[in-house]
Amino acid sequence: MSLTESVFTGQLRKLYRLSVSIALLVFVFQGTAAFAEDANTKTDANTTKSLQGPSFDFVDGAVVTLSPDASDQFKFDIPVKNSGGMDGVPSLKLLLDVDKKCDPQNLSIPKEDLTSIPPKGVRIAHATVSGTKLPANCYVELTTAGKLPGNTSLKQIKLSQQYLTSEISYPLLACLGIAVLVAFGTWVTACIRIKSVCLNYKLGMPAWEWDKSWTSTTTVVGSLITAALSLGALPDLTKYASRTGYAALAFMITLAVAVAPFLFTALRVGDVKADGSVTYGGWLWSFLLSGAITLFAGMAQVVVLFLLFDEIFLNYGFWSIGSHTQP
């Protein structure tokens, strides 16, 4: 090997060692810089978190459907949490909707329920909504009281109709009045045609047969349809009665049809004949009362079923009174 080759080989070895050293220094420098940047990022995040204002949110943001109590008020609890880094006072109010049903003045919350909440703290506000035209689809807005910065959250609440409204109770009262008038008219007609007929006139046992009574059969079938539709097809926000009200009406009407014939049977009296046999009979007034109850139940079921169909087909053009819109 010549002297020139030996010198060149030595330079290559020095250059190789120098490049390896430079690569190691670059690796160490990059690792140190990355660690410092991560530490600075965590420090900045902690500093920002400690300096940010209160941040209020609903513990449960799901939509709720409320029913009125005996005083036509809606009482419910609103859990509120503070996710921010500072103490703050929450502010809750109703938003005014397009139909102007959800007036902010209709929401009342005790002042002691809206006091300062520490970070990670939770407080329950006991809210009451009253004086709202039903049914209503409202939103509760949650913000930060005062001048502190904060976020805004919304919670949807659906205020359902009362158990029964005048739009369904008045037609039912009209059906009751018609049934009473028919019973009274029947008695007056019988008194005119038969002079000896009075309320204490005794009748024989009538032939109560369900398969031959179109009123009883139609009423029972209609009540079953009403109960099924009220549980499955009705919307959450009804117009004439609540979903529970429709189901209760269907049950009461069916019960009235079933009780009507037994009322006459329960008030019957027996006459013992000379041969020892007993003949049972009832009074005219109890017969007219049973007939009035059956007639009322049949007409009431038609009214309830019609209003129930109006609730279901409210937004369909083929329905005769479906021009109004569902709330």
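In case you missed it, the structure is sitting above this.
Residues numbered from 1 in each chain as written. Predicted model: local features only at pLDDT ≥ 70, side-chain atom pairs only at ≥ 80, totals over all residues. Heavy atoms only, no water.

(A) The arrangement of the environment of Tyr240 in detail. In this fold, Tyr240 is placed in the loop between helix 3 (214-232) and helix 4 (243-266). For Tyr240 and Ile168, which are 72 residues apart along the polypeptide, the C-alpha to C-alpha distance reads 6.1 Å. Among the polar contacts made by the side chain of Tyr240, one reaches the side chain of Asp310 at a distance of 2.4 Å. (Helix = DSSP H or I, 4+ residues; strand = E, 2+ residues; numbered from the N terminus. Polar contact = N/O pair within 3.5 Å; in protein donor to acceptor, adjacent residues only side chain to side chain.)

(B) The arrangement of helix 2 (residues 166-193) in detail. With 28 residues, helix 2 extends 40 Å between its outermost C-alpha atoms, agreeing within 8% with the 40 Å of an ideal straight helix rising 1.5 Å per residue. Buried residues of helix 2: Ile168, Leu172, Cys175, Ala179, Ala183 and Cys191, and no others. On the buried face of helix 2, the contacting elements are helix 4 and helix 5 (284-312). (Expected span 1.5 Å × (residues − 1). Buried < 20%, exposed > 50% of the residue type's maximum accessible area, 1.4 Å probe, protein only. Contact = heavy atoms within 4.5 Å.)

(C) Focus on the sheet that holds strand 5 (residues 107-108). An order of 1-3-6-5 is seen for the four strands of this open sheet, with the pairing classed as antiparallel. The open sheet is flanked by strand 1 (56-58) and strand 5, the only strands paired with a single partner. For strand 5 and strand 6 (residues 122-129), the ladder comprises two bridges, and the chain directions are antiparallel. When the bridges of strand 6 are listed, Leu107 appears paired with Val129. (Pairing = 2+ DSSP bridges.)

(D) Structural detail: the state of the cysteines. Under the criterion given, the structure shown has one disulfide. Cys102 shares a disulfide with Cys138; S-S distance 1.9 Å. Disulfide Cys102-Cys138: the torsion about the S-S bond is -80°, which places it as left-handed. Of this pair, Cys102 sits in the loop between strand 4 (90-94) and strand 5 while Cys138 is found in strand 7 (residues 136-144), placing the two residues 36 residues apart along the sequence. Taken individually, Cys102 and Cys138 each receive the classification buried, so the pair is uniform in this respect. (Disulfide = S-S within 2.5 Å.)

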